[in-house]
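# Topology and contacts: notes
Next come the chains, spelled out residue by residue.
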Amino acid sequence: MKSIIKGRWAIFAIWLIATILLTVIQPDINAILRQQGQEGTSSESPSVIAGDILDKMNTTEGTDNLIVFYDKNKISDEDMTQIGESVESIRDSSAELGVNEMIDPFSMPDAKSALVSEDGTTLMVSYKLDKKDREIDDIKEQFESKLEGLPVDYYLSGEDFINNDYLKASQAGVEKSAALTVIFILVVLIIAFRSVVTPFISLIAVAFSYLVSMGIAAQLIDKAGFPITSLTQMLLVLILFGIGTDYNILLFNRFKEELAHGNSVDDSIINTYKTAGKTIAYSILTVFIAFLALVFSESPIYKSGVVVVIGVTILLLQILTLTPFIMKVLGKKIFWPSKNAGGHEENKFWEKTSSFGIKHPILITVIILLIIGPMIFFHEEKLNFDTVGELGDSYPSSKAINLVAEHFGKGQAMPATVVIENDEALDQNETLAVVDNITERLKALKGVKMVSSVTQPQGEQIAAFYVDSQMGSVTEGISQTQNGVDQIYSGLTEAQKGLESADFSEVNQMVDGTAKLQDGMTALTNGLKQIQAGIDDGTSNPQTINNGLSTIETNLTAMSSGVGVLAESYEKMQAGYAQMGTHYQDAAKALLGVKDALTQMKSMTDALGSSYAESSSDANFQALKQTIDQLSASLNQITPESIAALNENYNTVTAGFTTANKNLANMSNGLTQMANGLKKLEDGLGQASSGINTIVTNMNSVNTGLGEMKAGQEQLVEGLNGFGEFGKKLTDVNDGLQGISDGLGQTNGYLTQLNTNKTFFIPEEALTNEDFKKSLDAFMSEDRKITKMTIVLKDDPYSDEALATVNQINDTLSDGLKGTVLSDAKSGTVGTSATTNDMNDVLSRDLSRTTVIVIIGVLLVLFLVIRSFWTPVFITASLVGAYYTAMFIINFIFLNLLGYAGISSFVPFFSFIIIVALGVDYSIFLMMRFKEYPDLTPKEAIVLASKHTGGVIISAVIILGGTFATLIPAGIILLTELAIAVITGLIVLCFILLPLFVPALIALPDALANLFSKEKK
């Protein structure tokens, strides 16, 4: 300390230069905060992960915001026209304004019901805003230039505008609080020290530490990404000015005592720091540990409180270096114009209270435990994260949200969004079925008002995407198919009967007869040749020749008649055969069509089985699948190849008939010519030789024809034998058709039952439909690997009910994906309620973790200071009791009396840190004085210490409590609750626990020992 006193001017110069330099180069942390915002959850929180997935899906930059138009009497048609023109003007200037994805009731009439309230008083326009490094206030001016002159009220709201207004409110609160703090401290210090110099000196010293701390913190925030929130600057102001002033009171008061004892200025400074300086060092150590524990917090908002560690470290340096400079330079003039050389007067209240506590330790302990115990045991944290609610209707952004909540429901303005990310594309039936199933499950939740997804873009099922709707068309088609199969069956049955009754044995007889006819023709030709030779020789008997010719003529007439009958039979057979060919070919085509239909039905059934979770255990469904499989198997032999083989047989037979008919015609002509020749022979033997020659020529033609005819008949036999095989196959086909008809009937019956089944099945053609493509684009990423669902909640997004619903949404989402093709997909929920829910979890964990760390830290410091076990435990218990008492009081005021939904989310955490970390200072003040009386008994020492430090502690509590009281005029609920909580905790600590409960606990062991010894006696 002597070295510091000697080098005081150099130290002062360093402080002055550092303060000026850090202040001049300090970046604007409010601008940084407006630009980057503040995060309440860590990067590992489910809502943040879900938000990252959603960011991948969004192809446009920007955050969601609103323009709300309002007229309490109802927006008229004329007003609506003017609003539409202004909205169109904004759309035309979208590039300049940074507006993307604008949704309004003028360009999208389908959205009118969702954007115009039922009472016609409120109209919303939503859009994404890309700030492009602009300040929100500048953006607001640009929008207002497009909206000015409207006959209705309008408000700009949404994430950007709400955050901007909240930061403005916080900044205004800081400025107001800082001004009030300075005034309040001045007044209190003037009263406490009866001096006008001491207050200013104290404030100047603390101001140095604040400016340097803020300068360092601002550089870390700007250059190193140090966490920042709207509370950062406010916390630093409150803590440094509050405890800094408390420490100055302690130091100056002790310095005044040392001067009063006749010590020199240097000796007074040295003695002051040996006693009060050590006390302050221990006190700052507890504050340091408490706020350093925030490093382990998950929430960036809580982590930002670590800035206080920087502040108290600089404050300690200021107290150890700058304050001694002030004491040395000014000396007794610090207390001018006060003539009183003594320190604080003895405090009668603390003396009497502590005396009462040590006299009745058991009674006091029991009474206080009975009062504070239930507060701790029944304590319940009901947190409120509603930033909009904290702003009330004082700002345009919060006014807009409140209007939306009143006329649409708050869930409409702040919906939740579920996201699912898969490694493969999601635009196929199997994955869409999972998405639709999850959509239905979410719709069934009690707290959910509406769910929109890729399969239900309007929040309602699309009938064509479900089996029950599709089965109506399918069953109608199957009925028609069954009727067609029955008709084919009837036609083939008749064809089969015709084939069974046809006798093809005569065809073989015809072949034999034709052969014999050909042999006879050959013999006849040879005979005629001999007759011709005899006539030419003139040696034959004319009468004999004549008789022979008559016989030949008679035989030829009979042959000609037989050939005619044969030709007629051939024509009839060919006509019947041709008709049968037509029937069988039509039947073959129909059977191929039935086979194709069954293939499609099999595909649909397989898909239905995949999407129908209970298909494996559904006997009816399995029977349907088995029937269709059997039908398909029965038609396996009906292929284009087998039909082609039958056609080849049919064509062979047809060729045989054609050849036979042609040759029968030639033979008939030959026989006719031969008969004419014989007639000429009979008329004149003189011309006999010539006639016979003609006959022989014609007979050769007939003979040749009979040979060809025989070959044709043999070809016919071969074809008919093949057609006989076809007849046998027709029997198998008819049996199969009978089974198909029965199976189709069973299938239709079961599918009719499925008309009530809401199983999702999207037809292939729907996936490429233009209308459905719009839904894919709206609810899926470009690569179709990410999809989202928009969920409108029934409750206020900040309410406990909404947070419970978000938990149910996450559970439902997890269960819906489990065991499906999307079981490995990433998923989560993002939005106001999801973020609030994660913050609730994070803050609860942080409070529990920090509570343990801070209590352990405080105990360790107290063990170091007091060097005993039970007294530190008692003091720590009193600090915790003060905290729970404060929480009970603010819960009673704000929840029970004022009817708030919950306490602002940051109040319990920071209240605990401040009450325990700063409250322990007063305990250290008391116990350090307690240790100055080692020759007295503990009971005597605590009474004496209370009498001498009571006034200092009361002054310090008034200073710190008053500093926090300056938060109340800021008009922000969070700050008001925090102020009341801290003030309540300090009052309980200062006027009940430290002067009464701690002395009682110190005297308690002796009292209990005496009580038990009396009982033994």
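Quick note: structure is the one above.
Residues numbered from 1 in each chain as written. Predicted model: local features only at pLDDT ≥ 70, side-chain atom pairs only at ≥ 80, totals over all residues. Heavy atoms only, no water.

For the rest of this paragraph, the subject is the sheet that holds strand S6 (residues 416–421). For sheets, the rule is that strands pair by backbone hydrogen bonds, running either parallel or antiparallel. Pairing is antiparallel in the open sheet, where 4 strands are placed in the order S7-S8-S6-S9. Unpaired on one side and paired on the other, strand S7 (448–452) and strand S9 (826–830) mark the two borders of the sheet. The sheet shows a mean angle of 20 degrees between the axes of neighbouring strands, taken without regard to direction. Here S6 pairs with S9 via 5 bridges, running antiparallel. The residue of S9 that forms the bridge with Thr 417 is Val 830. Of the strands in this sheet, S6, S7 and strand S8 (786–793) are in contact with helix H20 (residues 429–443), which crosses S8 at around 15 degrees. Contacting S7 and S8, helix H28 (residues 770–779) crosses the sheet at an angle of about 85 degrees to S8. (Pairing = 2+ DSSP bridges. Helix = DSSP H or I, 4+ residues; strand = E, 2+ residues; numbered from the N terminus. Axes fitted to C-alpha atoms, helices over the stretch in contact; angles between N-to-C directions. Contact = heavy atoms within 4.5 Å.)

Throughout the structure, instances matching the rule amount to 17 salt bridges. Here Asp 815 makes a salt bridge to Lys 818, at a shortest N to O gap of 3.9 Å. Asp 815 gets classed as partly exposed once you look at its relative accessible area, which sits at 42%. Between Arg 929 and Glu 932 there is a salt bridge whose closest N-O contact spans 3.8 Å. (Salt bridge = Lys/Arg side-chain N within 4 Å of Asp/Glu carboxyl O. Buried < 20%, exposed > 50% of the residue type's maximum accessible area, 1.4 Å probe, protein only.)

Spatial strand order, S2-S3-S1-S4: 4 strands in an open sheet with antiparallel pairing. With partners counted over all chains shown, the strands left at the sheet margins are strand S2 (99–103) and strand S4 (153–158), one partner each. Pairwise comparison of adjacent strand axes, ignoring direction, gives a mean angle of 25 degrees for this sheet. Both strand S1 (residues 63–70) and S4 contribute to a ladder of 6 bridges, which runs antiparallel. Directly across from Val 68, in S4, lies its bridge partner Tyr 155. Contacts between helix H8 (residues 136–147) and the sheet are confined to S1, S2, strand S3 (122–129) and S4, with S4 contributing the most and set at about 150 degrees to the helix.

Mapped onto the elements, Lys 278 comes out in helix H12 (residues 265–292). Lys 278 sits in the partly exposed class, given a relative accessible area of 42%. Lys 278 sits 650 residues away from Met 928 along the chain, and the two C-alpha atoms are 8.7 Å apart. Apart from the residues lying within four places of it in its own chain, the contact partners of Lys 278 are Tyr 273 and Met 928.

In helix packing, the relevant descriptors are the interaxial angle and the interaxial distance, both defined with respect to the helix axes. Running from N to C, helix H15 (residues 348–359) and helix H33 (residues 938–965) cross one another at 145 degrees; their axes reach a closest spacing of 8 Å. Handedness of the H15/H33 crossing: right-handed. Facing H15, whose interface residues are Trp 350, Glu 351, Ser 354, Ser 355 and Ile 358, H33 presents Lys 939, Ile 942, Val 943, Ser 946, Lys 947, Gly 950, Ile 953 and Ile 954. Here the contact of H15 with H33 is built from residues that sort into 6 nonpolar, 4 polar and 3 charged. (Left-handed = near helix turned anticlockwise from the far one by under 90°. Nonpolar A, V, L, I, M, F, W, Y, C, P; charged D, E, K, R; others polar.)

We now examine empty space enclosed by the protein. Taken as a whole and judged by the stated rule, the model has 4 cavities of 30 Å³ or more. Within this model, the largest cavity holds a volume of roughly 70 Å³. In this structure, the largest cavity is lined by Ile 29, Asn 30, Leu 33, Leu 167, Ser 170, Gln 171, Val 174, Ile 228, Thr 229, Ser 230, Thr 232 and Gln 233. Elements with a contribution of two residues or more to the lining of the largest cavity: helix H3 (29–36), helix H9 (159–193) and helix H11 (232–260). Ranked by the residues each element gives to the lining of the largest cavity, the list is headed by H9, at 4 residues. Looking at the lining of the largest cavity residue by residue, the classes come out as 5 nonpolar, 7 polar and no charged. (1 Å grid on protein atoms, 1.4 Å probe; cavity = no way out; pocket = protein on both sides within 12 Å on 5 of 7 lines; lining within 4 Å. Points joined across faces, edges and corners; volume = space filled by probe spheres on them.)

So, about the side chain of Thr 272. Counting through the fold element by element, Thr 272 comes out in helix H12. Look at Thr 272 and you get buried, because its relative accessible area is 0%. When residues no more than four places from it in sequence are discounted, the contact partners of Thr 272 are Leu 251, Arg 254, Phe 255, Glu 258 and Gly 277.

So, on to the nonpolar core. Among the nonpolar cores identified, the biggest contains 174 residues, and Ile 239, Ile 243, Tyr 247, Phe 291, Phe 906, Tyr 922 and Phe 964 are the most heavily contacted of them. Among the elements that take part in this core, helix H34 (residues 973–1016) stands out by supplying 21 residues, more than any other. Every residue in contact with Tyr 922, bar those within four places of it in the chain, is listed here: Asp 246, Ile 953, Ala 956, Val 957, Leu 960, Leu 986, Leu 989 and Leu 994. Counting residues in each nonpolar core, the second largest holds 33 residues, with Leu 432, Ile 762, Ala 802 and Leu 822 among its members. (Core = buried A, V, L, I, M, F, W, Y, C linked by side-chain atoms within 4.5 Å.)

Each aromatic ring pair is specified by the distance between its two centres and by the angle formed by the two planes. Using the criterion set out here, one finds 19 aromatic pairs in the structure. Centroid distance Tyr 302 to Phe 910: 5.6 Å. Interplanar angle 85 degrees. Geometry classified as edge-to-face. Of the two residues, Tyr 302 is situated in helix H13 (residues 300–303) and Phe 910 in helix H32 (residues 907–930); the sequence distance between them amounts to 608 residues. Phe 910 carries the same exposure label as Tyr 302, and that label is buried. Between Tyr 883 and Tyr 884, the ring centres sit 5.0 Å apart and the planes meet at 70 degrees, which makes this aromatic pair edge-to-face. Three or more aromatic residues link up through ring pairs in this structure, and these residues are Trp 9, Phe 12, Phe 208 and Phe 325. (Phe/Tyr/Trp six-rings, centres within 6.5 Å; stacked < 30°, edge-to-face > 60°.)

Across the 6 residues of S6, 6 count as buried, placing the element largely inside the fold. Here S6 shows a buried face lined by Ala 416, Val 418 and Ile 420 and a second buried face lined by Thr 417, Val 419 and Glu 421. Alignment of S6 against S8, held across 6 bridges, turns out to be antiparallel. Each bridged residue has a counterpart across the sheet, and for Ile 420 the counterpart in S8 is Thr 787.

What follows covers the pairing of S1. Of all 8 residues making up S1, 6 are buried, and the element is well covered by its neighbours. Bridge count for S1 against S3 is 8 bridges, and the pairing is antiparallel. Bridge pairing links Leu 66 to Ser 126 in S3.

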